[in-house]
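Notes for the structure review
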Amino acid sequence: MTEEQKEKVYGVDSSTLAKGPTLQELNEENPTYVKREYDHKQQVVVGSVVMFCVALAMVLMNNYNPKR
């Protein structure tokens, strides 16, 4: 079998991939702080849905009756 046929059947061999420095090694040489960008709108939507589900579960488990 040729190398191309082996890659087609077995996939790429991870032992032949180029070995480079890890992220930890790069940061030890040159420590840089990465500014992360957050999607605040998505966080607000997910948080609101989670809080709504928690409130709904509390109401259902407590047999809520507002007429009492």
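Residues numbered from 1 in each chain as written. Predicted model: local features only at pLDDT ≥ 70, side-chain atom pairs only at ≥ 80, totals over all residues. Heavy atoms only, no water.

**Some points on the overall build of the protein**
What the protein contains, in helices and strands, is three helices and zero strands. The order of α-helices and β-strands along the protein, N terminus first, is α-α-α. Burial analysis of the protein (68 residues in total) assigns 0% to the buried set. Of the roughly 7300 Å² that the protein leaves accessible, carbon and sulfur atoms contribute 59%. (Helix = DSSP H or I, 4+ residues; strand = E, 2+ residues; numbered from the N terminus. Buried < 20%, exposed > 50% of the residue type's maximum accessible area, 1.4 Å probe, protein only. Areas by Shrake-Rupley, 256 points an atom, 1.4 Å probe, with all protein chains shown as cover.)

**Concerning a nonpolar patch on the surface**
Side chains of Val46, Val50, Val54 and Met58 sit close together on the surface and give an oily, nonpolar patch of about 350 Å² of accessible area. Summarising the element assignment, Val54 is placed in helix α3 (residues 40–61). Residue Val54 is classed as partly exposed on the basis of its relative accessible area, which comes to 41%. (Patch = residues over 30% accessible without salt bridge, like charges linked within 9 Å, V, L, I, M, F, W, Y side chains within 5 Å. Salt bridge = Lys/Arg side-chain N within 4 Å of Asp/Glu carboxyl O.)

**Regarding helix α1 (residues 3–10)**
What sets the pattern is the α-helix's 3.6 residues per turn: residues three or four places apart point alike. Little of α1 sits inside the fold, with zero of its eight residues counted as buried. The first or second residue beyond α1 is Gly11, which carries a positive phi of 90°.

**Quick word on the confidence of the model for the protein**
Scored by pLDDT, the protein has a mean of 77; 72% of the residues are at 70 or more. The lowest-confidence element of the protein is helix α2 (residues 23–29), averaging 73 in pLDDT; the highest-confidence one is α3, averaging 92. (pLDDT = per-residue confidence, 0-100.)

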